[in-house]
Amino acid sequence: MAKRDFLTLSDWNRADVDRTLDLAATIKESYRKGETTTRLQGRVLGMIFHKPSLRTRLSFEVGMWQLGGHAMMITDKEIGFGRREAVKDIGAVMSRYLDVIMIRTFHQSDVADLAANSPIPIINGLTDAFHPCQVLSDLLTLRERGLSADGLSVAYLGDANNVARSWMNAALHYRLDLRLGCPEGYEPEPEFVEGVRQKGVGTVRVTRSPEEAVEGARVIYTDTWTSMGQEAEAEKRRRVFPPFQVNSELLSRADRDVLVMHCLPAHRGQEITDEVIDGPHSIVYDQAENRLHAQKGLLAACLGA
Ligand code: CP
Ligand code: NVA
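From a predicted model like this one, the values you see are computed outputs, not experimental measurements. For every chain, the first residue of the written sequence is number 1, and numbering continues from 1 along that sequence. Whichever chain is written first is A, and whichever ligand is written first is 1; the rest continue in order. Residues qualify for local features only when their pLDDT is at least 70, as the model is predicted, and side-chain atom pairs are given and counted only at 80 or more; totals for whole chains, interfaces and linings, by contrast, use all residues. Excluded from the side-chain calculations are hydrogens and water; all other atoms, namely the structure's heavy atoms, are used.

Quick look at the overall build of the protein chain now. Runs of E in the DSSP output that reach at least two residues are strands. Runs of H or I that reach at least four are helices, and both are numbered from the N terminus. Looking only at helices and strands, the protein chain features 13 helices and 9 strands. A globule of 305 residues ought to have a C-alpha radius of gyration of about 19 Å, and the protein chain, at 19 Å, matches this closely. Summarising its shape, the C-alpha atoms of the protein chain cover approximately 55 × 45 × 40 Å along the three principal directions. Note on contacts: a residue pair is in contact if any heavy atoms of the two residues lie within 4.5 Å. A fraction of 76% describes how many contacts in the protein chain between residues 6 or more apart in sequence connect residues 24 or more apart. Of the roughly 13100 Å² of accessible surface on the protein chain, a fraction of 50% belongs to carbon and sulfur atoms. All radius of gyration figures rest on C-alpha atoms, and the globule criterion is 2.2 Å times the number of residues raised to 0.38. Only the protein chains shown count as cover for residues, with accessible areas throughout obtained via the Shrake-Rupley method and a probe of 1.4 Å.

This part is about helix α4 (residues 87–97). A turn of α-helix holds 3.6 residues, and therefore any two residues three or four places apart point the same way. In this scheme, a residue with accessible area under 20% of its type's maximum is buried, one over 50% is exposed, and one in between is partly exposed, where area comes from a 1.4 Å probe on protein chains only. Taken as a whole, α4 has its buried residues at V87, I90, G91, M94 and S95. Seen along its axis, α4 keeps its buried residues to an arc of 125°; they face one direction. Of the exposed residues in α4, the ones pointing more than 90 degrees away from its buried face are K88 and R96. Where α4 is buried, its residues touch β1 (44–49), β2 (70–75), α3 (76–79), β3 (100–104) and α5 (108–116). The directions considered for the arc run from the helix axis to the C-beta atoms.

Structurally, R237 can be placed in helix α10 (residues 234–240). As used in this structure description, the phrase polar contact means that two N or O atoms lie within 3.5 Å; if the pair is within protein, one of them must be able to donate a hydrogen and the other to accept it, and residues adjacent in sequence are counted only when both atoms belong to side chains. Among the polar contacts listed, one links the side chain of R237 to the side chain of D159, at a separation of 3.1 Å. If we skip the residues at most four places from it in the chain, R237 touches D159, Y186, W225, T226, Q230 and P242.

Turning to the packing of helix α6 (residues 132–144) against helix α13 (residues 284–302), a few remarks are in order. Across the interface, α6 lies against α13 with an axial gap of 8 Å and an inter-helix angle of 110°. Accordingly, the angle class assigned to the pair α6 and α13 is roughly perpendicular. Between α6 and α13, the residues in contact are C133, Q134, L136, S137, D138, L140, T141 and E144 and D286, Q287, N290, R291, H293, A294, Q295 and L298, respectively. Class assignment for the residues of the contact of α6 with α13 results in 5 nonpolar, 7 polar and 4 charged. Fitted lines through C-alpha atoms give the axes, limited to the stretch in contact for helices. The angle between two N-to-C directions lies from 0 to 180 degrees. To sort the angles, those under 35 degrees are grouped as roughly parallel, those over 145 as roughly antiparallel, those from 65 to 115 as roughly perpendicular, and the leftovers as oblique. Each residue is assigned to one class: nonpolar for Ala, Val, Leu, Ile, Met, Phe, Trp, Tyr, Cys and Pro, charged for Asp, Glu, Lys and Arg, and polar for all the others, Gly among them.

Our next topic: the nonpolar core. Core analysis: the largest hydrophobic core is formed by 59 residues, its most contacted members being F6, L45, I123, W167 and L176. It is α6 that provides the largest number of residues to this core, a total of 6 residues. With residues up to four places along the chain from it excluded, the contact list for L176 reads A149, L152, V154, W167, A170, A171, G202 and T203. Only buried residues count toward a nonpolar core, which is a set of Ala, Val, Leu, Ile, Met, Phe, Trp, Tyr and Cys residues joined through side-chain atoms within 4.5 Å.

Moving on to the pattern of salt bridges. The rule for a salt bridge is simple: a side-chain nitrogen of Lys or Arg has to be within 4 Å of a carboxyl oxygen of Asp or Glu. With the rule as written, the count across this model stands at 24 salt bridges. Here R83 ties to D76 by a salt bridge, and the two come within 2.9 Å at their closest N and O atoms. R83 gets classed as exposed once you look at its relative accessible area, which sits at 60%. The network of salt bridges with common partners includes R4, D16 and R19.

So, about the site of ligand 2. Around ligand 2, the surrounding shell consists of L126, H131, N161, N162, D223, T224, S227, M228 and L264. Contacts to ligand 2 include D223, whose side-chain N or O atom sits 2.6 Å from a nitrogen atom. Protein chains shield 95% of the accessible area of ligand 2, which is 270 Å² for the free molecule. Most atoms of ligand 2, that is more than half of them, are within 2 Å of grid points of the largest pocket. Among the residues making up the shell around ligand 2, the classes are represented as 3 nonpolar, 5 polar and 1 charged. Throughout this document, a residue counts as near a molecule or strand when at least one of its heavy atoms sits within 4 Å of that molecule or strand. Cavity: a set of points on a 1 Å grid over the protein atoms alone where a 1.4 Å probe fits but cannot get out. Pocket: an open set with protein on both sides within 12 Å along at least five of seven lines, its lining residues, like those of a cavity, having an atom within 4 Å of a point. Here the criterion for a molecule occupying a pocket or cavity is that more than half of its atoms lie within 2 Å of the pocket grid points.

Once that is clear, we can look at the site of ligand 1. The immediate surroundings of ligand 1 are formed by S53, L54, R55, T56, R104, H131, Q134, C263, L264 and R291. Within the side chain of S53, a nitrogen or oxygen atom sits 2.6 Å from an oxygen atom of ligand 1. Protein contact buries 96% of the 250 Å² of open area that ligand 1 shows by itself. Residues belonging to the shell around ligand 1 are distributed by class as follows: 3 nonpolar, 4 polar and 3 charged.

Buried residues of α5: Q108, D110, V111, L114 and A115, and no others. Down the axis of α5, the smallest arc covering the buried residues is 160°, so these residues share one side. Where the residues of α5 are buried, they touch β1, α4, β3 and β4 (122–124).

Right, let's get into the sheet that holds β3. The strands making up a sheet associate through hydrogen bonds between their backbones, and the pairing can be parallel or antiparallel. Taken in spatial order, the 4 strands of this open sheet run β2-β1-β3-β4, and their pairing is parallel. Because the sheet does not close on itself, it has two edges, and the strands there are β2 and β4. Taking each pair of neighbouring strands and ignoring which way they run, the sheet shows an average axis angle of 20°. A pair of strands is considered paired only if DSSP assigns at least 2 bridges between the two. Relative to β2, β1 runs parallel, the two being bridged by 6 bridges. If you follow F49 over to β2, its bridge partner there is T75.

Any link to function would need more than the numbers given here.
Next comes the structure, spelled out in structure tokens:
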């Protein structure tokens, strides 16, 4: 059987994603009942981080423990990815010790390279291009609220970054009504929008008007204006993005039961106000918690357990 990597949501088909979400929900329910599991007993996850993390680190490590396995973090200082040692050799050697690898790095090509050189599953824990684990978890969070991604209106405000691209990938599988409100110069690459159009499942609309994006939306999603690795642009971005801030005024244009989502970390007072992130529509901590549960499903799926 071919090994099961999780590099982007677009590599998987809808049935794969649905099955993983089902598995995540089953494992979550069992955990809630206090049942213990040995599903991943004796299995070890290696975690490579080239960027900081709170949720990804914690959720993968705790998730492995809760499934009876073990997780270990390996920093770039130790392995010198592609510098101290070629990715080919790193992949081959790590695969002799580990059962699965999660990597958070800059270039998507490095993740693909590692996957091509490792006989064990590789999970993308965020790159400049995509954040598939985040959107997988978000889909679980929405399901728990009784919301199917089919027919769901999601307004994403801000930079068309890794999180936004993963939402566009989700629109390849689900009949999402995705609206991206982005400032000029920060819109998605045309090939992503065109890819969704050609697939003909979900829809993506790009607008420079935040008001138009959120009109009647059931979900409003936002993320940092400056992603990890873009710090040099932070000041410029802080000048451009303020009209796209998720605040009470903008919320009043959405569905009255709108859910507000943010992958976190949030920059309170920038992309989102305290009033909104701490308000009754916000489900940001449920999202954060579900990183744990969704990835337990993902690890079990990738390891065929
Ligand atoms: N949302 C998310 O990936 O958080 P971390 O960067 O803290 O892992
Ligand atoms: N777009 C953000 C997501 C952080 C979880 C970043 O890449 O920094």
